[in-house]
Amino acid sequence: MYVVMLGYSISPQWLALPRTERQRLKAAHLAPLIEKYADRVRARFFDAEAFYTRFSDFALFETDDLTAYYHLVEELRDTPLVGQGYLTFKDVVLGIEDGHEHFERTLAS
C-alpha cells in the first residue's frame, strides 16, 4: 500500500469566488475524478492553513496502483482548478506502508 501526501495551496482568486461557484467547480471537475478512480485510489482531503504555512491544504491518497494515482493527478492538472491557477501543488510525499517489513522479508528469501 502506498500513501501519497499532496500538499497544495488555494489562490486568493479562488477564495474571492462565491461559495456557490466554488462548489459548482468542485462538483464539475474534482468529484468526477475522485469517483473515476475510487476503485483504485482512496482520497481524503484536509485543511492545514491554521497549522502550516507552506501549503493551505493537503490530500492523502491511498493506493496499491501508483499508475492510477498518477493518472488522477494528470487529469486534475487538465481541469480549470489547476489550469486557471485556483490550486497549486506545493509538496508531494510518498510512503510505503510497512516498507521496512517487506524489505526484511526479501532478505530472508
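Keep in mind that this is a model prediction, so the values were computed, not measured.

Asker: Hey, could you run me through the environment of glycine 95 in this one?
Answerer: With respect to the secondary-structure elements, glycine 95 resides in strand β4 (residues 87–96). Placed 16 residues apart in sequence, glycine 95 and threonine 79 show a C-alpha to C-alpha distance of 26 Å. Ignoring sequence-local partners within four residues, the contact set of glycine 95 consists of Met1, Tyr2 and Val3.

Asker: Would you mind showing me how to read the packing of aromatic side chains here?
Answerer: Taken as a whole, this structure holds 6 aromatic pairs when the rule is applied. Ring centres 4.9 Å apart and planes at 10° place the aromatic pair phenylalanine 46 and phenylalanine 58 in the stacked group. With phenylalanine 46 in strand β2 (residues 41–47) and phenylalanine 58 in strand β3 (residues 57–63), the pair connects residues that are 12 residues apart, well separated along the chain. Accessibility expressed as a relative area gives 21% for phenylalanine 58, which makes it partly exposed.

Asker: Would you mind showing me how to read the pattern of salt bridges here?
Answerer: Side-chain pairing between opposite charges can occur once the charged atoms of the two side chains come close. All chains considered together, the criterion is met by 7 salt bridges. Among the ionic pairs, arginine 24 bridges to glutamate 21, the shortest N-O distance being 2.9 Å. Of this pair, arginine 24 and glutamate 21 both sit in helix α2 (residues 19–36), separated by 3 residues, roughly a single helical turn. Take arginine 24: its relative accessible area is 44%, and that puts it in the partly exposed class. Classification of glutamate 21 as partly exposed rests on a relative accessible area of 25%. The salt bridge partner of glutamate 75 is lysine 36, with a shortest N-O separation of 2.7 Å. Placement of glutamate 75 in helix α3 (residues 66–77) and of lysine 36 in helix α2 is noted, with a sequence separation of 39 residues between them. Residue glutamate 75 is classed as partly exposed on the basis of its relative accessible area, which comes to 25%. Judged by relative accessible area, which is 45%, lysine 36 ranks as partly exposed. Where salt bridges share partners, they join Arg42, Arg44 and Glu62 into one cluster.

Analysis parameters
Residues numbered from 1 in each chain as written. Predicted model: local features only at pLDDT ≥ 70, side-chain atom pairs only at ≥ 80, totals over all residues. Heavy atoms only, no water. Helix = DSSP H or I, 4+ residues; strand = E, 2+ residues; numbered from the N terminus. Contact = heavy atoms within 4.5 Å. Phe/Tyr/Trp six-rings, centres within 6.5 Å; stacked < 30°, edge-to-face > 60°. Buried < 20%, exposed > 50% of the residue type's maximum accessible area, 1.4 Å probe, protein only. Salt bridge = Lys/Arg side-chain N within 4 Å of Asp/Glu carboxyl O.

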